[in-house]
Amino acid sequence: EDLELDEDEFFKMLEDPYVKMLMSDLDVEMFNATQMFGTFDPDESGTVTVRELVQAIMKLRGEPAKNDVVASLVAIKALGERVDDLQAMVKEVFSLQMSMHEESQHTRHP
């Protein structure tokens, strides 16, 4: 069965000097481990399996490739556009609700 680390165990493992040395040898920089847990736990199960650990390390090795940076920027732009669309929809729904509320107030109190 696959070994799994919960968040606390994961952070303790990263504090181990030997693990730090291994990560450094693999050219994996761990600047903020608390924010990195999600990278190692992509399915958000709350645990990190050995497979997830290896996959994340492979993604984090070395400097990001230019195509990785471009892909991230494109994804962020698309996400921003989706947020803008959602914001416009919320404003429209809110405006419609306010209009309906005002209309119902005028009908009740002539």
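Placed above this text is the structure.
Owing to the predicted nature of the structure, the values given are computational and were not obtained by experimental measurement.

1. Topic: the pattern of salt bridges
Moving on, step 1. Inspection of every chain in the model, using the stated rule, returns 1 salt bridge.
Moving on, step 2. For Glu15, the salt bridge is made with Lys20, and the minimal N-O distance between the two is 3.6 Å.
Moving on, step 3. We classify Glu15 as exposed; its relative accessible area is 52%.

2. Description of the environment of Leu60
Moving on, step 1. Looking at where Leu60 falls in the secondary structure, it is placed in helix α4 (residues 50-60).
Moving on, step 2. For Leu60, a relative accessible area of 22% gives the class partly exposed.
Moving on, step 3. Between the C-alpha atom of Leu60 and that of Asp27, which follows or precedes it by 33 residues, the distance is 8.1 Å.
Moving on, step 4. Ignoring anything within four residues of it in the chain, the contact list for Leu60 reads Asp27, Val28, Met36, Thr39 and Phe40.

3. Some thoughts on the layout of surface pockets
Where empty space is left becomes clear once a probe the size of a water molecule has been rolled over the atoms.
Moving on, step 1. Put simply, the second largest pocket is a space of about 170 Å³.
Moving on, step 2. Looking at the second largest pocket, it is lined by 10 residues, and the ones nearest its centre are Leu14, Lys20, Met23, Val28 and Met30.
Moving on, step 3. Only α1 (7-15) and α2 (17-25) provide two or more residues apiece to the lining of the second largest pocket.
Moving on, step 4. In terms of residues, the lining of the second largest pocket owes the most to one element, α2, which gives 4 residues.
Moving on, step 5. Looking at the lining of the second largest pocket residue by residue, the classes come out as 6 nonpolar, 1 polar and 3 charged.

4. Focus: a nonpolar patch on the surface
Moving on, step 1. On the surface, Leu3, Val50, Val54 and Met58 cluster together to form a nonpolar patch covering roughly 370 Å² of accessible area.
Moving on, step 2. By the element assignment, Leu3 lies in the segment before β1 (4-6).

5. Here's the deal with the packing of α1 against α2
A pair of packed helices is captured by two measures, namely the crossing angle of their axes and the spacing between those axes.
Moving on, step 1. Packing of α1 against α2 brings their axes to within 5 Å, and their N-to-C directions diverge by 75 degrees. Compared by their axis directions, α1 and α2 come out roughly perpendicular. When α1 is examined against α2, the residues Met13, Leu14 and Glu15 are found in contact with a partner set consisting of Pro17, Val19, Lys20 and Met23.

Here is what the cut-offs are and how they apply
- Residues numbered from 1 in each chain as written.
- Predicted model: local features only at pLDDT ≥ 70, side-chain atom pairs only at ≥ 80, totals over all residues.
- Heavy atoms only, no water.
- Salt bridge = Lys/Arg side-chain N within 4 Å of Asp/Glu carboxyl O.
- Buried < 20%, exposed > 50% of the residue type's maximum accessible area, 1.4 Å probe, protein only.
- Helix = DSSP H or I, 4+ residues; strand = E, 2+ residues; numbered from the N terminus.
- Contact = heavy atoms within 4.5 Å.
- 1 Å grid on protein atoms, 1.4 Å probe; cavity = no way out; pocket = protein on both sides within 12 Å on 5 of 7 lines; lining within 4 Å.
- Points joined across faces, edges and corners; volume = space filled by probe spheres on them.
- Nonpolar A, V, L, I, M, F, W, Y, C, P; charged D, E, K, R; others polar.
- Patch = residues over 30% accessible without salt bridge, like charges linked within 9 Å, V, L, I, M, F, W, Y side chains within 5 Å.
- Areas by Shrake-Rupley, 256 points an atom, 1.4 Å probe, with all protein chains shown as cover.
- Axes fitted to C-alpha atoms, helices over the stretch in contact; angles between N-to-C directions.
- Parallel < 35°, antiparallel > 145°, perpendicular 65-115°, else oblique.

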